[in-house]
Amino acid sequence: MKAGSAGPSPYTGAVPQPAVEVADLRMTYGAKTAVDGLSLSVEAGSITAVLGPNGAGKTTTLETCEGYRKPQSGTVRILGLDPVSQRRELLPRIGVMLQGQGAWSGVRAMEMLRHVSRLHAHPLPIEPLADRLGLHECGRTPYRRLSGGQQQRLGLAMAIVGRPEIVFVDEPTAGMDPAARRTTWELLRELRESGVTVVLTTHYLEEAEQLADQVHIIDHGRLIASGTPEELTRGSSATVRLVVDHELPAAAEAALRDSVALWSKEHEVGVRSISFGSRTLEDVFLELTGRGIGHE
Amino acid sequence: MSDSDAAIAALDLTPRPGSAPFSRQVLAQASMEARLMLRNGEQLLLAVVVPVLILVGGVTAGEHLDLKLDDPRPLVDIFTPGVIALAVMSTSFTSLAIATGFERRYGVIKRLGSSPLPKSGLLLGKILALLAVQLVQIILIGLVGQILGWSPKPGVLGAFLAVALGTAAFASLGLFVAGMLRAEATLAAANLIYLLLMAGGAVVLPVSAYGGFGHVARWLPSGALGEAMRGAFLDGSVSWRDLGVLAAWSVLGTALTAKTFKWE
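No experiment lies behind these values; they were computed from the predicted model shown.

1. Some points on the overall build of chain B
Looking only at helices and strands, chain B has eleven helices and zero strands in total. Ordering the α and β elements of chain B from the N terminus gives α-α-α-α-α-α-α-α-α-α-α. Judged by the C-alpha coordinates and their principal axes, chain B covers about 75 × 45 × 35 Å. Residues classed as buried in chain B amount to 48% of the 264 residues present. A fraction of 80% describes how many contacts in chain B between residues 6 or more apart in sequence connect residues 24 or more apart.

This is the structure we're talking about:
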């Protein structure tokens, strides 16, 4: 925490490093601890994924960064600013995509986007933005009757229309079809190319692997691993990799499994998983937590 | 395909953050809210259809039944300002409460909370939207009144203050209800209170029509607004006492809202 870096400086093209700094954040709701001493930082101009199962504390962390929640203990700095006490100064500089909803039930997609754009000084032109995210197909349909994917795309458009320095996107592709998901990934990459810092939460491992420069894996409100997808998938001494020279026929695969089972019994080594194909973040998560990411 | 390629090329995502000037944000918010209110069928029913039906029905039935109020003046002259007061009440209280309740429910207020629009701008936008809708209501009710033979002697100051303070009182109370209850409960409560005040709150009918209860009704925001409006349109007066009652309700409503309102 460089307290000196916080100041009401106008945007000059350079953002303080790191763009996001969370230090020893703790958040509890009644008896439930949502975030338990979490520390992480996000480098400016990167795409950073906060990965974890449902209930890991991702949304709480993100909403604390966005200034919706006051840290119960610990500190959060966004672009060097305190998101609660310096909220008015920070808000124009960040873009937020909430998880679901966030528009009037009777509003039309373009109308909503135009409205949010009018709150900003130098918004993106909304027609090309809408083209890009396929929002014109929504036509005059009121928001409540849009599909989940359409609502998500509108949410993303609203998050970036103000030309922010950082965008926080909470589960950006939940409910999207594969084509829309690819469009969203492309757009997020393009934001990075343009110098925007992207922080996203996801429980899709593929999304983190495909998109992120840096991945923070959190579980039960704690950071359990950080690194680039390559670093995280490189493995550890608890991982044994066997690379063979051609694709295994089913019989050979079954025989290998049997041999491993036998070996595991003889040497009293528990085998958590065997995967055929490349190691993924799913493997990493499994290794660290002992359970799959889809499980609570 | 080539069209969308061109569009993609035009999208420069380089950061250029900044808030629009406060006044532009407030105007954007006000026009958005006013449009949504006028587009919503139920809101429109409450805002225009019900008041016009009451005006037409009240005047024609009253004349037919030879209804005698204490006041010797034509029924339409007494009813029209009362119906204008009713319209202000329905928009500032019921429509605002219901709309705000559902905005909380659908995360609109939360979403706008991370936009450059400050809460003061949101509130100001809402108030301007109410005033715009009420202007439309007053014009329509006035036209219908004219058709029914209304001949007002309007006092501009009295009418202006009645609309302004009536809006302040009912809007603050509406926000209080919307901030306290869930959206469905707000919907029920705001409609129920509206019906009770319309029937028994001396808004359309003068307090003199309520006998002894009239003295109580005049302390209600509905009775005070009705009397202030009738004063302004019947003889161009400024009913300071009733305006004072409305101001007191505004202070109470604002204090309650400030203490209890949750944006999420």
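2. A short note on the domain arrangement of chain A
Interface size is often expressed as the accessible area that is lost when the parts come together. Residues and elements named next belong to chain A. On domain assignment, one finds that chain A holds domain 1 (16-230) and domain 2 (233-289). Distance from the C-alpha centre of domain 1 to the C-alpha centre of domain 2: 35 Å. Contact residues are listed per partner, giving ten residues for domain 1 and nine residues for domain 2. Classifying every residue of the side of domain 1 that touches domain 2 gives seven nonpolar, no polar and three charged.

3. A look at the nonpolar core
In this structure, Leu113, Ala157 and Phe168 of chain A are the most contacted members of the largest nonpolar core, which totals 79 residues. A total of six residues in this core trace back to one element, the largest contributor, which is helix 5 (residues 148-160) of chain A. Here this core spans two domains, and each of domain 1 (16-230) and domain 2 (233-289) of chain A adds at least three residues to it. Other than its neighbours up to four places away in sequence, Leu113 of chain A contacts Ile126, Ala130, Leu135, Leu154, Ala157, Met158 and Val161 of chain A. Among the nonpolar cores identified, the runner-up in size contains 65 residues, and Val48, Val133, Ala159 and Leu205 of chain B belong to it.

4. What to know about the interface of chain B and chain A
If you look at the interface, chain B gives 32 residues, while chain A gives 38 residues. Listing elements by their share of the side of chain B that touches chain A, those giving two or more residues are helix 1 (2-9), helix 2 (22-39), helix 4 (75-105) and helix 5 (108-113) of chain B. With six residues, helix 2 of chain B is the single largest residue contributor to the side of chain B that touches chain A. Grouping the amino acids of the side of chain B that touches chain A by side-chain chemistry returns 17 nonpolar, nine polar and six charged.

What counts, and where the lines are drawn
- Residues numbered from 1 in each chain as written.
- Chains lettered and ligands numbered in written order.
- Predicted model: local features only at pLDDT ≥ 70, side-chain atom pairs only at ≥ 80, totals over all residues.
- Helix = DSSP H or I, 4+ residues; strand = E, 2+ residues; numbered from the N terminus.
- Buried ≥ 20, exposed ≤ 12 C-beta atoms within 10 Å, placed from the backbone.
- Contact = placed C-beta atoms within 7 Å.
- Domains from an automatic or database assignment.
- Nonpolar A, V, L, I, M, F, W, Y, C, P; charged D, E, K, R; others polar.
- Core = buried A, V, L, I, M, F, W, Y, C linked by C-beta atoms within 7 Å.

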